[in-house]
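Reading the structure
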Amino acid sequence: MAAEAPTIPLLTPYKLGKYNLSHRVVLAPMTRLGSYGNVPQPHAILYYSQRTSKGGFLIAEVTGVSDTAQEYPNTPGIWTKEQVEAWKPIVDAVHAKGGIFFCQIWHVGRVSNQDFQPNRQAPISSTDKPMTPIDGSQPTPPRRLRTDEIPQIVNDFRVAARNAIEAGFDGVEIHGANGYLVDQFMKDGVNDRTDQYGGFLENRCRFALEVVESVANEIGADKVGIKLSPFADYMEFGDSNPKALGLYMAESLNKYGILYCHMVEPRMKSADEIVESPHSLLPMRKAFRGTFLVVGGYNREDGNNAIAENRADLVVYGRPFLANPDLPRRFELNAPLNKHNEETFYTFDPVIGYTDYPFLEDSA
Ligand SMILES: Cc1cc2nc3c(=O)[nH]c(=O)nc-3n(C[C@H](O)[C@H](O)[C@H](O)COP(=O)(O)O)c2cc1C
């Protein structure tokens with residue numbers, strides 16, 4: 001009698017709200033700077049459909065909520081009719097292959113330069129503290145948002161979420177991680193406000209929660225996720241008590257009943273550098289009552305362990321999925337993985353390093 005194949009935890013089904021996922025290997029949001037003039041391009045159809053499997057869950061790259069939301073050139077937006085129309089064939093291609101597709105909506109805040117701002121104005125933020133230039137970037141000193149301007153930015157997220165649904169997306173992920181505008185409010189390393197959006201933890205999280213509430217009211221809480229990175233502190237956006245911040249957010253999100261919370265592992269010292277960390281996301285996993293997604297440095301083995309040990313419901317893969325369009329299949333077969341090439345992450349090319357990573361059959 002043939003022995004039964006052992007179950008692979010990452011490849012077990014999961015019910016994400018109303019969606020029946022066939023496995024738990026999620027495509028991470030990854031900006032690739034190929035959306036010329038902030039408009040999604042046809043080459044993204046192939047990129048996303050290559051990474052779609054029936055019943056797979058995909059999160060699209062960061063997508064700007066307004067004309068002040070941009071940092072990098074060629075990131076897509078979702079505030080104009082043209083952008084919404086341009087997303088439609090990309091979303092359709094993912095749906096045609098049976099994928100579930102969320103749009104990650106963001107505002108960069110002070111991580112910007114006046115060259116990417118309307119009328120070359122200063123980028124907006126929770127603060128007017130400038131960032132130290134790193135890696136050759138030249139951030140323009142930000143302008144601190146007045147209290148009475150904040151509802152307009154919350155509204156930009158709401159409208160962007162509505163536009164994402166109009167484009168056909170199944171839901172949105174609010175980008176509250178990695179030092180961008182939402183994070184610039186949450187973290188006390190950046191937020192130096194004295195109004196109701198600064199100071200105590202509750203005040204610093206107010207903006208994030210207002211965005212969550214507004215987006216959930218607009219499109220339904222069952223279509224909303226949020227990405228958070230309480231422990232990350234590169235780009236001068238650390239917090240003095242990341243565990244308290246992560247826990248407060250996890251507990252507060254329960255009030256809105258949103259679909260999922262996606263958290264970056266404390267071991268991610270920067271966007272791509274992995275270090276040993278004494279911290280864990282377990283307290284937040286236990287506190288949050290929706291679906292819990294983890295990301296950051298996962299491979300097949302520790303992704304399987306995270307599911308088997310109930311530390312997460314879904315595991316998000318960035319670089320491995322970028323380089324392996326058929327990642328769930330490779331995990332199923334325990335096949336070798338293509339190595340990602342960092343040099344082609346952000347080269348604007350519609351093919352090289354974008355849609356030319358081979359499938360398993362191609363390399364056989
Ligand atoms: C090329 C590239 C672009 C990225 N762009 C985004 C992004 O648009 N939004 C986001 O939240 N994270 C972004 N990230 C971070 C990934 O979503 C993920 O959190 C990170 O790569 C860690 O996961 P990994 O170790 O599996 O790669 C990006 C990462 C890479 C490599």
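Under the definition given, this model contains 14 aromatic pairs. The interplanar angle of 85° and the centroid separation of 5.1 Å between the aromatic rings of Phe 57 and Phe 102 together place this pair among those described as edge-to-face. With Phe 57 in strand S4 (residues 57–64) and Phe 102 in strand S5 (residues 100–106), the pair connects residues that are 45 residues apart, well separated along the chain. You'll find Phe 57 and Phe 102 in the same group, each marked buried. Geometrically, the ring pair formed by Tyr 317 and Phe 331 is edge-to-face, given 5.2 Å between the ring centres and 65° between the ring planes. Here Tyr 317 is found in strand S12 (residues 314–317), whereas its partner Phe 331 is found in helix H11 (residues 327–333), with 14 residues between them in sequence. Of the two residues examined, Tyr 317 and Phe 331, each falls in the buried class. Joined through ring pairs, the aromatic side chains of Tyr 47, Tyr 48, Trp 87, Phe 101, Phe 169 and Tyr 354 make up one cluster. When the ring centre of Tyr 298 is taken as reference, the NZ or CZ atom of Arg 267 above it lies at 4.5 Å.

With the rule as written, the count across this model stands at 20 salt bridges. Taking the shortest distance from any N to any O, the salt bridge between Asp 115 and Arg 120 comes out at 2.3 Å. Between Glu 218 and Arg 162 there is a salt bridge whose closest N-O contact spans 3.9 Å. Pair noted here: Glu 218 is in helix H6 (residues 206–219) and Arg 162 is in helix H3 (residues 150–166), with a separation of 56 residues, a long-range link. Sharing partners across several salt bridges, the network here consists of Lys 81, Glu 85, Lys 88 and Glu 166.

How each quantity is defined
Residues numbered from 1 in each chain as written. Predicted model: local features only at pLDDT ≥ 70, side-chain atom pairs only at ≥ 80, totals over all residues. Heavy atoms only, no water. Phe/Tyr/Trp six-rings, centres within 6.5 Å; stacked < 30°, edge-to-face > 60°. Helix = DSSP H or I, 4+ residues; strand = E, 2+ residues; numbered from the N terminus. Buried < 20%, exposed > 50% of the residue type's maximum accessible area, 1.4 Å probe, protein only. Lys NZ or Arg CZ within 6 Å of the ring centre and 35° of its normal. Salt bridge = Lys/Arg side-chain N within 4 Å of Asp/Glu carboxyl O.

Read these as geometric descriptors, not functional statements.
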